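One-letter residues, chain by chain:
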Amino acid sequence: METIHKWMPHEFRIHGPEDGNPYKDHWISMDVEGPLGCKSVPGFYDGNGEYVVRFMPEIEGEHFL
């Protein structure tokens, strides 16, 4: 388990489809469960087949991705 500090952004990158229009035809999101409940964090296409989700905790405590 990795420690992510309050207000410190953490980035998750995965390789995905490049076909079609990746800005419109594909999307990515990540569910994060923490002290305030479950939150869906949207991601974006970053080019070269990479999709990115950035998460920054708003409160201290354990967060499960």
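In this report, we go over the structure that sits alongside the text.

Parameters and conventions
Residues numbered from 1 in each chain as written. Predicted model: local features only at pLDDT ≥ 70, side-chain atom pairs only at ≥ 80, totals over all residues. Heavy atoms only, no water. Pairing = 2+ DSSP bridges. Helix = DSSP H or I, 4+ residues; strand = E, 2+ residues; numbered from the N terminus. Axes fitted to C-alpha atoms, helices over the stretch in contact; angles between N-to-C directions. Phe/Tyr/Trp six-rings, centres within 6.5 Å; stacked < 30°, edge-to-face > 60°. Core = buried A, V, L, I, M, F, W, Y, C linked by side-chain atoms within 4.5 Å. Buried < 20%, exposed > 50% of the residue type's maximum accessible area, 1.4 Å probe, protein only. Contact = heavy atoms within 4.5 Å.

Spatially, the four strands line up as an open sheet ordered 1-4-3-2, and their pairing is antiparallel. Only two strands of the sheet have a single partner each, and these edge strands are strand 1 (10-15) and strand 2 (29-34). For this sheet, the mean inter-axis angle between neighbouring strands, taken without regard to orientation, is 25°. Note: strand 2 against strand 3 (residues 37-45), six bridges, orientation antiparallel.

A word on the packing of aromatic side chains. This model, assessed by the stated rule, comprises two aromatic pairs. Taken together, the aromatic side chains of Tyr23, Tyr45 and Tyr51 make up a single cluster linked through ring pairs.

Within the largest apolar cluster, eight residues are counted, these being Ile28, Met30, Val32, Val41, Tyr45, Tyr51, Val53 and Phe55. Where this core is concerned, the elements lending two or more residues are strand 2, strand 3 and strand 4 (50-55). Considering every element that reaches this core, the biggest residue donor is strand 4, with three residues. Ignoring any residue separated from it by four or fewer positions in sequence, one finds Ile28 in contact with Ile14, Pro42, Gly43, Phe44, Tyr51, Val52 and Val53.

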